[in-house]
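# Per-entry structural report
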Amino acid sequence: MTEQKVNYPWFKKEDIDGFFALFQNNLANFVLIAVALIGMGYPTSIVYGRVIPGAAVSVLFGNVYYAYMANRLAQKEGRTNVTALSYGISTPVMFVYLFGVMGPALAFTGDPEVAWRIGLAACFFGGVVEVVGSFIGNWVRKTLPRASMLGALAGVAFAFIGGELFFNVHEMPMIGFTVLAIIIVGLIARKAMPFKLPASLFAIVIGTVLAYSLGEVEMSRIAEGMGTVGVYPFLPTLGFIEGFRFLLGPMVGLVAVLLPISIYNFIETMNNVEAMASAGDDYSARECMLVDGCGIMLGSLFGGVFPTTVYIASVGSKWMNAGRGYSILNGGVFMIASLFGIVAAISEIIPVPVIAPILVFVGISMVAQTFAAVPQRHFPAVVIAMFPYLANYIMSRFNNAAGEVVANISTGIVPLGQGAMFAGLIWGAIVVYIIDNDYTKAAYASLFAAVLAATGFMHAPRLTLFYDYKFAAGYVIMAIMFLVFKRFGGDEETPAVLAD
């Protein structure tokens, strides 16, 4: 296609809504990181002085590059309604690194400085896996059915983003309901706000004022937030080299945690790129995975210990008609906020029920976009691909504190939630293949699932051979059954239950 020169703006009004949606997503993760690490025993000098700035460097790099990619796509296709990909820390990956890497590292060494260096090595390792994954990303994207890829992602959006944040809305109903109403009117119904303010900005201002005016939040939180303000410079480090001595030595067992979650991270990148393609902006999965991997490694060179990825908020930003300005603004604001300790201040001053409705919108848009992007006959595949993340949500939120209660609901919840991304992709693909009368591919997908289950990538708490052989055996039996159907089921094709 011949390149066309179009006037693709650096910034437009809709970028403000996109910025607040992405900013709140990233801010929530930054706050969780700070609270969790300090609670584990990491000093504020490492948390605010190294980890947060390192993550900000990665976020800036990725957002600026994706703004560049957006402009390139706009010029290539001769249109101005291109939305840059969102970029940030993946919530599921963040939790694994927090409690599967940073916690055990500190417990093993007893030294926060050494444990932080192990985290640097783990983060760098994740970047390497993402770069390696980029060489197969486009092939996987073309091979897997769209319904399975987007369905698995919709499961994340439904459970962890839309669902959980909808709970938070109800923690302060007078505040949460008001803000959510503004978001529904402004971002879903697309009605104009007073004074032509962006809906997300108007919602945050109104919600914050109400929270303090109605006494839902103590005024002392403002002073507490301002107390975190300071100067936290960005300092390069090669600490990951020492970290690898532990990671490949006495803590080599962590690799069993890092490998599957790193593979998950590059699959999440690929899925989010596919989601944006379904919304109209088709980016190269390989290039995005390379960018993500380089951004992760760059962040580890400045103290970051958490991998970043193309973010699920991308489609929400597309729905808001954002361009590239929101991406650049997000990266720049996080750099400044991290440099001066403003991230912690904002997290103290603005209550969660005020920002939660924006993320509810992101979850809604992702699930809705999934159903809009696949043929109607594949809707059942989308639904089944979402289920593993419902199990993963229950498992990750409740199993440690109330394992007996979870087991009493069903002993299948935990194994289904382990390796949820893989389970969602596999089951979604199988249903698509069966709907399309391709029993051979369904059998291959089942056999591949058997391999994943046998090696611990699915239905097991760690990489190990035959943690529970019954899962692998079940997939093998299912593969045989599909081949039997292909051989003896007849050649006639009948329309799917939900025909297009």
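Because the structure is predicted, anything quoted here is derived from the model rather than measured.

## Looking at the packing of aromatic side chains
The way to describe two aromatic rings as a pair is by their centre distance and the angle between their planes. Counting across every chain of the model gives 15 aromatic pairs. Seen in terms of ring centroids, Trp-427 and Tyr-475 are 6.0 Å apart; in terms of plane orientation they differ by 50 degrees. Their pairing is tilted. Of the two residues, Trp-427 is situated in helix H19 (residues 420-435) and Tyr-475 in helix H21 (residues 469-488); the sequence distance between them amounts to 48 residues. Feature note: the residues Tyr-65, Tyr-66, Tyr-68 and Tyr-87 constitute an aromatic cluster, connected by ring pairs. Its guanidinium or amino end placed over the ring of Trp-10, Arg-324 lies 3.9 Å from that ring's centre, counting from NZ or CZ. The residue whose ring lies beneath Arg-487 is Phe-488, and the NZ or CZ to ring-centre distance is 5.0 Å.

## Observations concerning the nonpolar core
Nonpolar side chains tend to gather and get buried jointly when the protein is soluble and globular. Residues Leu-37, Tyr-283 and Phe-306 are the most contacted members of the largest nonpolar core, which totals 155 residues. Ranked by size, the runner-up nonpolar core spans five residues in total, among them Ala-391, Met-395, Val-406 and Ile-413.

## A look at the packing of H19 against helix H20 (residues 439-455)
For the pair H19 and H20, the least separation of the axes is 8 Å and the interaxial angle reads 165 degrees. Relative to H20, the element H19 lies roughly antiparallel. Read as a crossing pair, H19 and H20 show a hand that is left-handed. Taken together, the residues of H20 that come into contact with H19 (itself represented by Phe-422, Ile-426, Ile-430, Tyr-433 and Ile-434) are Tyr-439, Lys-441, Ala-442, Ala-445, Ser-446, Phe-448, Ala-449 and Leu-452. Of the residues that constitute the contact of H19 with H20, the class distribution is eleven nonpolar, one polar and one charged.

## As for the confidence of the model for the protein chain
Overall, the prediction assigns the protein chain a mean pLDDT of 86, with 95% of residues at 70 or greater. Model confidence for the protein chain, summarised as mean pLDDT per element, is weakest for helix H14 (residues 342-349) at 76 and strongest for H20 at 96.

## Looking at the pattern of salt bridges
For the coordinates displayed, the defined rule picks out nine salt bridges. Measuring nitrogen to oxygen at the nearest pair gives 2.8 Å for the salt bridge that ties Arg-79 to Asp-281. In this pair, Arg-79 sits in the loop between helix H2 (44-77) and strand S1 (87-89) while Asp-281 sits in the loop between helix H10 (255-279) and helix H11 (285-300), placing the two residues 202 residues apart along the sequence. Taking relative accessible area as the criterion, Arg-79 reaches 17% and is therefore assigned buried. Residue Asp-281 is classed as buried on the basis of its relative accessible area of 0%. A salt bridge links Lys-318 to Asp-281, with the shortest nitrogen-to-oxygen separation between them at 2.9 Å. In this pair, Lys-318 sits in helix H12 (residues 314-319) while Asp-281 sits in the loop between H10 and H11, placing the two residues 37 residues apart along the sequence. Each of the two residues, Lys-318 as well as Asp-281, counts as buried.

Parameters at a glance
- Residues numbered from 1 in each chain as written.
- Predicted model: local features only at pLDDT ≥ 70, side-chain atom pairs only at ≥ 80, totals over all residues.
- Heavy atoms only, no water.
- Phe/Tyr/Trp six-rings, centres within 6.5 Å; stacked < 30°, edge-to-face > 60°.
- Helix = DSSP H or I, 4+ residues; strand = E, 2+ residues; numbered from the N terminus.
- Lys NZ or Arg CZ within 6 Å of the ring centre and 35° of its normal.
- Core = buried A, V, L, I, M, F, W, Y, C linked by side-chain atoms within 4.5 Å.
- Buried < 20%, exposed > 50% of the residue type's maximum accessible area, 1.4 Å probe, protein only.
- Axes fitted to C-alpha atoms, helices over the stretch in contact; angles between N-to-C directions.
- Parallel < 35°, antiparallel > 145°, perpendicular 65-115°, else oblique.
- Left-handed = near helix turned anticlockwise from the far one by under 90°.
- Contact = heavy atoms within 4.5 Å.
- Nonpolar A, V, L, I, M, F, W, Y, C, P; charged D, E, K, R; others polar.
- pLDDT = per-residue confidence, 0-100.
- Salt bridge = Lys/Arg side-chain N within 4 Å of Asp/Glu carboxyl O.

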